[in-house]
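Single-letter residue listing:
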Amino acid sequence: MRARGWEVVARVRAGETLVFDGGYGTMLFAAGLLNGACPELWNDTHPDVVAGIHRAYFAAGSDIVETNTFGGSRLKLDEYRLGDRTRELNARGARLARGVAPEGGFVAGSIGPTSRLPLDYALDAGVTDEEYVTTFREQAEALAEGGVDLFAVETMMFPQEATAAVRACKAVVDLPVMATMFFQYEELHDRDRTMWGESPADVAKSLLAAGADVVGMNCGRGPDRAIVIIREMRQATDAPLIAYPNAGLPITEGDTVRYELDPPAMAREYPALLDAGCSIVGACCGSNPEHIRLIADVVRSRRRT
Ligand SMILES: [Zn+2]
């Protein structure tokens, strides 16, 4: 029998829309995480806080939540001298989400960028494709050991890092991989591109060629750009698409950062995002369970019609 995570792919391929979750950073900071501290360490030191965020998203209507392991690759954890705890922190993160998942809820293992530049871009010690695959394999193995249903390779900036992460997941275990990249809006050209100039159609094609089952965008700007990006990806592929944009642009006020879109303003954009061809929707930086509750309302009202 195939792992239960494949149900996610089967359901969206059959036309269903599923709800992903929202941001973690803001909520961890609100709970006392200090700037410059390692968020993944909280899977060990503050398990109740992390589990509480997962629980809040499931309660808000998320079908899928992601683990608190965004920066959980050894290359990233090394920045905090925590590389030796890679396996443990990822497995813990997976178990925390698994432990509060209701029946029918899915857990996606979050895999974010290493923050280390690929060989072709770095001025000094760049990372080779093999090194990327090695670090992501280790993380994916630990997440699978902790019981994730699928993977969320996300917020990727470099094509070769993104495709290495997808290939690493696929080499480790037979679970679905969702892969999303970070796009910036180039106002001058009125277009969305990755940091290195790839178009949404290029990204969709290269992530699918690497083996991803669901592709799309996350973070970046708000749902207004997500709609355009998803529309362009839809023209390039029939594969299931996912979008979890930020709650608009960040606005800095003194020491604090807030985001443009409150939950109602954000949710108002989601009918158009679904019309663009998106099968899985959530939110990223600046969002909280209230954003997801209203987004889930939009999705549910569509299910009824
Ligand atoms: Zn984000």
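Below: a short report on this structure. Bear in mind that the values here come from a model prediction, so they are computed numbers and not experimental data. (Residues numbered from 1 in each chain as written. Predicted model: local features only at pLDDT ≥ 70, side-chain atom pairs only at ≥ 80, totals over all residues. Heavy atoms only, no water.)

### Quick word on the side chain of Asn68
And then number 1: Looking at the element boundaries, Asn68 is found in the loop between strand 2 (64-66) and helix 5 (74-77).
And then number 2: A polar contact of 3.0 Å, which involves the side chain of Asn68, links it to the backbone oxygen of Pro39.
And then number 3: At 2.9 Å, the side chain of Asn68 and the side chain of Asn43 are in polar contact.
And then number 4: Once residues lying within four places of it in the same chain are set aside, the contact partners of Asn68 are Leu28, Pro39, Glu40, Asn43, Val50 and His54. (Helix = DSSP H or I, 4+ residues; strand = E, 2+ residues; numbered from the N terminus. Polar contact = N/O pair within 3.5 Å; in protein donor to acceptor, adjacent residues only side chain to side chain. Contact = heavy atoms within 4.5 Å.)

### Some remarks on the nonpolar core
And then number 1: Ranked by internal contacts, the top residues of the largest apolar core, which has 72 residues, are Ile111, Phe151 and Leu273.
And then number 2: Those residues within four positions of Leu273 in sequence are excluded, and the remaining contacts are Ala226, Ile227, Ile230, Ala243, Cys278 and Val281.
And then number 3: Within the second largest apolar cluster, 17 residues are counted, among which are Phe20, Ala108, Leu150 and Met178. (Core = buried A, V, L, I, M, F, W, Y, C linked by side-chain atoms within 4.5 Å. Buried < 20%, exposed > 50% of the residue type's maximum accessible area, 1.4 Å probe, protein only.)

### Things to note about the side chain of Thr155
And then number 1: Within the secondary structure, Thr155 is located in strand 4 (residues 150-156).
And then number 2: Exposure remark for Thr155: the relative accessible area of 8% places this residue in the buried category.
And then number 3: Setting aside residues up to four positions removed in sequence, Thr155 forms contacts with Phe70, Pro113, Thr180, Phe182, Asn218 and Cys219.

### Some remarks on the environment of Asp192
And then number 1: With respect to the helices and strands, the residue Asp192 is situated in strand 7 (residues 191-193).
And then number 2: Taking the relative accessible area as the measure of exposure, Asp192 reaches 1% and is therefore buried.
And then number 3: Apart from residues no more than four positions distant in its own chain, Asp192 is found in contact with Phe183, Gln184, Tyr185, Glu198, Ser199, Pro200, Arg225, Val228 and Ile229.
And then number 4: Side chain to side chain, Asp192 and Arg225 meet in a polar contact 2.7 Å long.

### So, unusual backbone geometry
And then number 1: A positive phi angle, near 70 degrees, is found at Ser115, a position not held by glycine.
And then number 2: As for its placement among the helices and strands, Ser115 is situated in the loop between strand 3 (106-111) and helix 7 (129-145).
And then number 3: Not every positive phi belongs to a glycine, and Thr155 is a case in point at roughly 55 degrees.

### Let's talk about the sheet that holds strand 9 (residues 241-245)
And then number 1: If you trace the eight strands from one edge of the open sheet to the other, you get 1-12-9-8-5-4-3-2, paired in parallel fashion. At either end of the open sheet lies a strand with only one pairing partner, and these are strand 1 (18-19) and strand 2.
And then number 2: Across two bridges, the pairing between strand 1 and strand 12 (residues 280-281) is parallel. Paired with Val19 across the two strands is Val281, which belongs to strand 12.
And then number 3: Along the sheet, helix 10 (residues 223-236) makes contact with strand 8 (214-219) and strand 9, crossing strand 9 at roughly 165 degrees. (Pairing = 2+ DSSP bridges. Axes fitted to C-alpha atoms, helices over the stretch in contact; angles between N-to-C directions.)

### What about the coordination of the zinc ion?
And then number 1: The coordination sphere of the zinc ion contains the protein donors Cys219 (SG), Asn246 (OD1), Cys284 (SG) and Cys285 (SG), at a distance range of 2.1 to 2.6 Å.
And then number 2: Classification of the site at the zinc ion rests on its four donor atoms, whose angles at the metal span 92 to 125 degrees, yielding the label tetrahedral.
And then number 3: Along the chain, the residues donating to the zinc ion are arranged with the sequence spacing C-x26-N-x37-C-C. Pair noted here: Cys219 is in strand 8 and Asn246 is in the loop between strand 9 and strand 10 (250-253), with a separation of 27 residues, a long-range link.
And then number 4: The buried category is assigned to Asn246, whose relative accessible area is 4%. (Donors = N, O, S within 2.8 Å, 3.2 Å for Na, K, Ca; no water. Tetrahedral: all angles 85-135°; square planar, octahedral: opposite > 155°, others 65-115°.)

### With respect to the pattern of salt bridges
And then number 1: Within the structure shown, the criterion is met by 23 salt bridges.
And then number 2: Between Glu145 and Arg87 there is a salt bridge; the shortest N-O distance is 2.6 Å. Of the two residues, Glu145 sits in helix 7 while Arg87 sits in helix 6 (residues 86-100), which places them 58 residues apart along the sequence.
And then number 3: Of the charged contacts in the structure, one is a salt bridge between Glu145 and Arg95, with a shortest N-O distance of 3.7 Å. Here Arg95 lies in helix 6 and Glu145 lies in helix 7, a separation of 50 residues in the sequence.
And then number 4: Given the relative accessible area of 44%, Glu145 is considered partly exposed.
And then number 5: The network of salt bridges with shared partners includes Asp44, Arg85, Glu88 and Arg92. (Salt bridge = Lys/Arg side-chain N within 4 Å of Asp/Glu carboxyl O.)

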